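Analysis of the macromolecular model
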Amino acid sequence: MRVLLVEDDAMIGKGLVAALSAEGMSVDWVRDGAHAEVMLRDSSYSIALLDLGLPGQDGLDLLKAARRQGADTPVLIITARDKLDDRVAGLDLGADDYLVKPFETRELQARMRALMRRRAGRATSLLVAGRTELNTETHELSRGGVVEVLPAREYALMHALIERPGRILSRSQIEERIYGWGDEVESNAVDVLIHSIRRKFGKDIIVNIRGAGWMAPKS
Ligand code: CA
């Protein structure tokens, strides 16, 4: 899952990148309004975390402009502004949720999961493709009686596939979903992850479509 983080505070930014990466998310971090405006229009993000007090441009103006241009990335505002007027303005301008600093990372992560569920029209934390189930809270994957907690990258890969069962993702689409800008990606990284998942859950858990990519089967 790719996350856009817009935050000018170095300490908060570093902390969030570390916490979210540990959960298997790939986080792209921008620190000012000019960059954020471009990135918010990039539809490959699953979610954007948006600080409001930014150098150059206010987060609310950014959000307003992005929504007007048709950007539909889910946005969770993270800010120290706790006035009712700010919260209402943020939500009315198209934010999906609003969290006031300081907050616990656990709450942020729970809200992110809730937001992703709402976007996907799901009521629970379970992603299901046929006999395969992925729990987005515990990172447990289960199929055919095997249940295991996945390491971060394997989780990110399964999450990308199982989000839409039967849809094929190419190697580069998968890499884009599970690695951030700064990451060195070995050419066989995706193969290594898939091999590891198959070894634990059986070959059928991921279907290879020759020349096209991989998918989570619907059965
Ligand atoms: Ca700020």
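Under the criterion given, the structure shown has zero aromatic pairs. Lying across the ring of W29, R31 places its NZ or CZ 3.9 Å from the centre.

Another point: the nonpolar core. By size, the foremost hydrophobic cluster in this structure holds 26 residues, and its most contacted members are L157 and I206. Contributions of two or more residues to this core are made by β6 (126-129), α6 (152-162), α7 (171-178) and α8 (189-201). Broken down by element, the residue count for this core peaks at seven residues, all from α6. The residues contacting L157, other than those within four sequence positions of it, are I174, I178, V190, L193, I194, I197 and I206. Formed by 20 residues, the second largest nonpolar core is a distinct cluster that contains L4, L60, A95 and Y98.

Before going further, it helps to examine the coordination of the calcium ion. Every protein donor of the calcium ion is accounted for by D8 (OD), D51 (OD) and G53 (O), and the metal-donor separations fall at 2.1 to 2.4 Å. Each donor residue of the calcium ion belongs to the same chain, with the gaps between them written as D-x42-D-x1-G. For G53, a relative accessible area of 36% corresponds to the partly exposed category.

In spatial order, the strands read β6-β7-β8-β9; together these four strands make up an open sheet with antiparallel pairing. Of all the strands in the sheet, the pair left with one neighbour each is β6 and β9 (146-149). Neighbour to neighbour, the strand axes of the sheet diverge by 15° on average, direction disregarded. Examined bridge by bridge, strand β7 (residues 132-135) and strand β8 (residues 140-143) share two bridges and lie antiparallel to one another. What sits directly across from L134, in β8, is L141.

With that settled, consider the domain arrangement of the protein. Split by domain assignment, the protein resolves into domain 1 (2-120) and domain 2 (126-215). Each partner contributes residues to the interface: domain 1 has 14 residues there, and domain 2 has 12 residues. On inspection of domain 1 and its partner domain 2, the count reaches zero salt bridges. At the surface where domain 1 touches domain 2, the tally comes to two residue pairs in polar contact (both at pLDDT 80 or more). Of all the secondary structure elements, the ones that give two or more residues to the side of domain 1 that touches domain 2 are α1 (10-22), β2 (26-30) and α5 (105-120). Per-element accounting of the side of domain 1 that touches domain 2 gives the leading share, four residues, to β2.

Definitions and cut-offs
- Residues numbered from 1 in each chain as written.
- Predicted model: local features only at pLDDT ≥ 70, side-chain atom pairs only at ≥ 80, totals over all residues.
- Heavy atoms only, no water.
- Phe/Tyr/Trp six-rings, centres within 6.5 Å; stacked < 30°, edge-to-face > 60°.
- Lys NZ or Arg CZ within 6 Å of the ring centre and 35° of its normal.
- Core = buried A, V, L, I, M, F, W, Y, C linked by side-chain atoms within 4.5 Å.
- Buried < 20%, exposed > 50% of the residue type's maximum accessible area, 1.4 Å probe, protein only.
- Helix = DSSP H or I, 4+ residues; strand = E, 2+ residues; numbered from the N terminus.
- Contact = heavy atoms within 4.5 Å.
- Donors = N, O, S within 2.8 Å, 3.2 Å for Na, K, Ca; no water.
- Pairing = 2+ DSSP bridges.
- Axes fitted to C-alpha atoms, helices over the stretch in contact; angles between N-to-C directions.
- Domains from an automatic or database assignment.
- Salt bridge = Lys/Arg side-chain N within 4 Å of Asp/Glu carboxyl O.
- Polar contact = N/O pair within 3.5 Å; in protein donor to acceptor, adjacent residues only side chain to side chain.

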